[in-house]
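Summary of the model geometry
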Amino acid sequence: ENLASIAAQQVGGFVGAGAHGTGACLPPVDEHVLEMTVATPGQGVVTKKRGDADFHAFPCSLGLLGVTLTLTLRCVPKHLLRERTQVLTRQEVIQRHAELIQDNRHVRFMWIPFADAVVVVSNNPTVDGVLGAGQGYEPRHDMEYRLEPFRSLLKDVSGDDGEGLGFAELRDALLAVKPLDLEHVKKINRAEAEFWRRSQGTHVGDSSTKLNFECGGQQWVNECCFPAGTRSAPDGKDMRYMLRLLDIIESEGIPAPAPIEQRWTAGSSSLLSPARSTTEDALFSWVGIIMYRKRRLSHAIDA
């Protein structure tokens with residue numbers, strides 16, 4: 001029903017870490033566990049089923065209670081999703097915040113430091129027979145034109161335009177040049193904002209692809225989760241958090257690359273989940289700050 005950005009994950013870690021996708025009406029993945037078998041240090045191999053008195057201690061436990069051997073997950077059939085990509089200003093996002101998280105089954109915000117641009121990507125099931133895979137309103141520009149801001153900047157700083165590299169690879173190559181240089185990172189972020197402006201549009205595809213995201217190369221992610229009111233009545237803490245975070249980054253001159261990802265989920269009944277809640281309508285916001293690890297590319301020079 002949901003994916004945590006990438007599909008290439010082992011199920012034990014996917015569940016045990018309380019991974020999540022995005023969607024205010026959808027809980028983290030540990031809430032989809034129906035039954036699990038665990039090799040424990042004190043009780044041997046045990047099977048826990050949803051409804052057991054101690055079940056909620058096990059799904060999101062980071063392996064503290066033992067090694068997960070098998071899992072039974074509640075799943076849904078692969079289905080078509082209509083994805084819409086749009087770029088809004090920070091003020092527009094704040095004004096439309098409640099509408100965007102209430103009206104879309106899946107939605108994520110990608111905030112871009114040092115640029116008044118927030119990329120909003122939403123996905124919603126299509127109505128059978130209305131739109132099929134590959135249909136929709138494609139971006140007005142081809143990929144070559146969309147990537148031009150990245151390639152132009154890379155040629156300026158390294159002499160190589162990154163021919164053959166995709167969006168995330170170009171960002172990696174640019175960051176590898178001068179990852180801690182504030183002015184350089186600002187230029188990369190602004191190039192990314194322009195890339196997304198040129199990529200606005202809609203497209204239909206199956207859920208196994210639309211719930212994935214091209215994250216880039218190796219990275220460290222500092223993610224936090226906090227309550228944000230309820231789905232029917234968001235309290236705005238998530239927007240205030242982001243504005244404060246961006247203010248710190250920009251006023252202190254921290255070379256933070258884009259994007260800072262923000263997602264939402266419903267609550268989880270798992271005792272150790274950061275989204276733990278017994279409120280049916282609970283809303284939680286997840287914010288991920290990404291630091292890309294430098295990797296050697298033929299298009300990168302040493303910082």
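Residues numbered from 1 in each chain as written. Predicted model: local features only at pLDDT ≥ 70, side-chain atom pairs only at ≥ 80, totals over all residues. Heavy atoms only, no water.

1. So, the sheet that holds strand E2 (residues 44-49)
If you trace the 3 strands from one edge of the open sheet to the other, you get E2-E1-E3, paired in antiparallel fashion. Looking along the sheet, the strands with just one partner apiece sit at the ends: E2 and strand E3 (67-73). The average angle at which neighbouring strand axes cross in this sheet is 15°, direction not considered. Here 6 bridges tie strand E1 (residues 33-40) to E3, and the two strands are oriented antiparallel to one another. (Pairing = 2+ DSSP bridges. Helix = DSSP H or I, 4+ residues; strand = E, 2+ residues; numbered from the N terminus. Axes fitted to C-alpha atoms, helices over the stretch in contact; angles between N-to-C directions.)

2. Details of the nonpolar core
The tendency in soluble globular proteins is for nonpolar side chains to be buried as a group. Core analysis: the largest hydrophobic core is formed by 29 residues, its most contacted members being Ile112, Val119, Phe150, Phe167 and Trp196. For this core, the elements supplying multiple residues, two or more each, are strand E6 (118-125), helix H3 (143-158), helix H4 (167-177), helix H5 (182-197) and strand E10 (282-292). Ignoring anything within four residues of it in the chain, the contact list for Phe150 reads Phe167, Leu170, Arg171, Leu174, Ile188, Ala191, Glu192 and Phe195. Val107, Phe109, Ala256 and Trp264 belong to the second-largest nonpolar core, a separate cluster that totals 23 residues. (Core = buried A, V, L, I, M, F, W, Y, C linked by side-chain atoms within 4.5 Å. Buried < 20%, exposed > 50% of the residue type's maximum accessible area, 1.4 Å probe, protein only. Contact = heavy atoms within 4.5 Å.)

3. Description of the side chain of Arg171
Here Arg171 lies in helix H4. Of the polar contacts made by the side chain of Arg171, one reaches the side chain of Glu192; its length is 3.0 Å. Of the polar contacts made by the side chain of Arg171, one reaches the side chain of Tyr292; its length is 3.1 Å. (Polar contact = N/O pair within 3.5 Å; in protein donor to acceptor, adjacent residues only side chain to side chain.)

4. Considering H3
With 16 residues, H3 should reach 22 Å at 1.5 Å per residue; the first-to-last C-alpha distance of 22 Å fits that figure. The sharpest bend along H3 comes to roughly 45°, located at Pro149. Among all positions of H3, only Arg146, Leu147, Pro149, Phe150, Arg151, Leu153 and Leu154 are buried. For H3, the elements touching its buried residues are H4 and H5. Just downstream of H3 lies Gly159, where phi reads positive at about 85°. (Expected span 1.5 Å × (residues − 1). Bend = angle between axes of the 7 residues up to and from the residue.)

Remember, this is a structural readout, not a statement about activity or role.
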